[in-house]
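Chain and residue survey
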Amino acid sequence: MNPIYLDYGATTPLDPAVAAAMEPWGVAGYGNPHSAHLWGYQAKAAVEIARDAVAALLHAPPETIAFTSGATESVNWALKGLLTHPSNTRRRIVTLATEHSCVLETAHYLESLGAQLTIVPVRANGIVDLGDLERALGEDVALVSAMLVNNEIGVIQPIAAIARAAHAVGAVMHCDAAQAFGKVPIDVDALGIDLLSLTAHKVHGPKGVGALYRRPFTMLTPLLHGGGQEDGRSGTLPTALIVGLGAAARIAGERMAGDREHALALRDRLLASLTVPVEVNGDLEARWPGNLNLGFPGIAAPLLSLLPGLALSSGSACAAVTGRASHVLTALGLSEPAAKASLRLGFGRFTTPAEIDAAAAQINAVVTRLSQDAA
Ligand SMILES: Cc1ncc(COP(=O)(O)O)c(C=O)c1O
């Protein structure tokens, strides 16, 4: 039997309706959307419908959306594109300690090329102190980058306030919305976002496709040089993947309130079913409810290997590869062993209450056994 899938933070199951929307474009509809003939026009029309759906979910005009291979590429384009553009004379990036590695590593790379980097800590609940952020800002800051929903602890940063502080010093506001797109309402104008990175596979779409929102007149050097297809992002567009992103966006828009309620009910059920002492890492209120990051007081053993019936992670999927303690949890003040003993549970649209009950029973059994062994 397959383990119960509770790793929605790593990726989400493809919605069957998304797969059905993609199907005609994966095999029969092979025209290049940039070709000037019927095959091309049909593919291009499908791409533009998807662009409209993505834009609608951000309350942005369609022409501000450029398709990419995912949030990693979008983030790389936003940060490198802005810092290396000839019109930009500022050299400093300000970001948060709990950002995804695609932001932190890109920022470190730019630092190696001469940029300056300020990493602002977060409070024990995972949310940045706006005073700390404001003190880090100055007229030399080109870009502030902050995540909307955190991929490890689900915590929601106060993006509108962060953007106001960024704009007060003339900096551009970038938001990594990989985990937020389609789950929480996003209005780029209301939030003051100038650049926004998103991906399809965290919202029941396919892997390998995402988008970058660019506020008009935000000048970016291209990341991929070539035919210039996506207003400076070169490469033939993958019609089927883009149609999948568009369908995922449309469905997410329609189901947003229901998906949230479902996730919240599952979360409350899981918390109520845990009979062992547990601590939730990260703020429980300002949080996407499809994430629970749990620590177990007194347990320092990596729990993951003792729960073969559950498909989940202790941190991000990337941290699972390197075996390092999560930089997000240590930024909250957890010790390395406590971070490694934490569990990140991600659930949502296709998770059933029975799966949650089974997961709680397995966690209760393992933690009880470990506590008895330690006593
Ligand atoms: C917050 C966040 N940013 C960026 C990414 C990277 O997205 P992608 O897999 O589309 O490159 C992920 C997930 O992998 C993520 O959770």
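Residues numbered from 1 in each chain as written. Predicted model: local features only at pLDDT ≥ 70, side-chain atom pairs only at ≥ 80, totals over all residues. Heavy atoms only, no water.

**Some words on the site of the ligand**
Counted only if it meets this: It suffices for a single heavy atom of a residue to lie within 4 Å of a molecule or strand for the residue to be listed as near it. For this analysis, a polar contact is any N or O atom pair within 3.5 Å, provided that within protein one partner can donate a hydrogen and the other can accept it, and provided that sequence-adjacent residues contribute only side-chain to side-chain pairs. Ten residue types, Ala, Val, Leu, Ile, Met, Phe, Trp, Tyr, Cys and Pro, are classed as nonpolar, four, Asp, Glu, Lys and Arg, as charged, and the remainder, Gly among them, as polar.
Taken together, 13 residues form the shell around the ligand, and within it T72, D176, Q179, T199 and K202 come nearest. Side-chain polar atom of T72 to an oxygen atom of the ligand: 2.5 Å apart, as the coordinates give it. The separation between an oxygen atom of the ligand and a polar side-chain atom of K202 is 2.9 Å. Split into classes, the residues belonging to the shell around the ligand amount to 4 nonpolar, 7 polar and 2 charged.

**Here's the deal with empty space enclosed by the protein**
As a reminder, the rule being used: Here the term cavity refers to a set of points on a 1 Å grid, laid over the protein atoms alone, in which a 1.4 Å probe fits but cannot get out; the term pocket refers to an open set having protein on both sides within 12 Å along at least five of seven lines, with lining residues being those that place an atom within 4 Å of a point. Grid points are joined across faces, edges and corners, and a volume is the space filled by probe spheres set on the points. Here a helix means four or more residues in a row that DSSP labels H or I, a strand means two or more in a row labelled E, and each is numbered from the N terminus. Domain extents, as shown, originate in an automatic or database domain assignment.
Inspection of the entire model under this criterion finds 1 cavity of 30 Å³ or more. Its volume calculated, the largest cavity comes out at about 200 Å³. What lines the largest cavity is a set of 23 residues, among which Y8, K183, K202, W288 and F347 lie closest to the centre. Broken down by element, the residue count for the lining of the largest cavity peaks at 3 residues, all from strand β12 (residues 343-346). Among the residues making up the lining of the largest cavity, the classes are represented as 6 nonpolar, 12 polar and 5 charged. In terms of domain composition, the lining of the largest cavity takes at least three residues from each of domain 1 (4-11 + 255-374) and domain 2 (16-251).

**Points about the packing of helix α3 (residues 71-83) against helix α4 (residues 101-112)**
Operational definition: Interaxial angles span 0 to 180 degrees and are taken between N-to-C directions of axes, which are lines fitted to C-alpha atoms, for helices over the stretch in contact. For classification purposes, an angle smaller than 35 degrees is called roughly parallel, one larger than 145 roughly antiparallel, one from 65 to 115 roughly perpendicular, and anything else oblique. Crossing chirality is assigned from the near helix's rotation relative to the far helix, an anticlockwise turn below a right angle marking it left-handed and a clockwise turn marking it right-handed. What makes two residues a contact is simply this: any of their non-hydrogen atoms within 4.5 Å.
Closest axis-to-axis distance for the α3/α4 pair is 9 Å, and the angle between their directions is 30 degrees. What the angle tells us is that α3 and α4 run roughly parallel. Relative to α4, α3 is oriented so that their crossing is right-handed. Judged by residue contacts, T72, V75, N76, L79, K80 and L83 of α3 engage C102, V103, T106, A107, Y109 and L110 from α4. A class-by-class count of the residues in the contact of α3 with α4 yields 8 nonpolar, 3 polar and 1 charged.

**Re the sheet that holds strand β4 (residues 116-120)**
The condition is simple: Each pair of strands is called paired provided DSSP finds at least two bridges between the two strands.
The strand order across the open sheet formed by 7 strands is β2-β8-β7-β6-β5-β3-β4, and the pairing between neighbours is mixed. In this open sheet, the two strands that pair with only one neighbour each are β2 (65-68) and β4. Adjacent strand axes in the sheet meet at a mean angle of 20 degrees, parallel and antiparallel pairs treated alike. Here strand β6 (residues 172-176) pairs with strand β7 (residues 195-199) via 3 bridges, running parallel. Pairing of D176 across the sheet is with S197, part of β7.

**Let's talk about the sheet that holds strand β9 (residues 279-280)**
With antiparallel pairing, 3 strands are arranged side by side in an open sheet as β9-β10-β12. At either margin of the open sheet sits one strand with a lone partner, and together these are β9 and β12. Pairing analysis gives 2 bridges linking β9 to strand β10 (residues 291-295), with the strands arranged antiparallel. Paired with V280 across the strands is L294, a residue of β10. Of the strands in this sheet, β9, β10 and β12 are in contact with helix α8 (residues 239-273), which crosses β10 at around 20 degrees.

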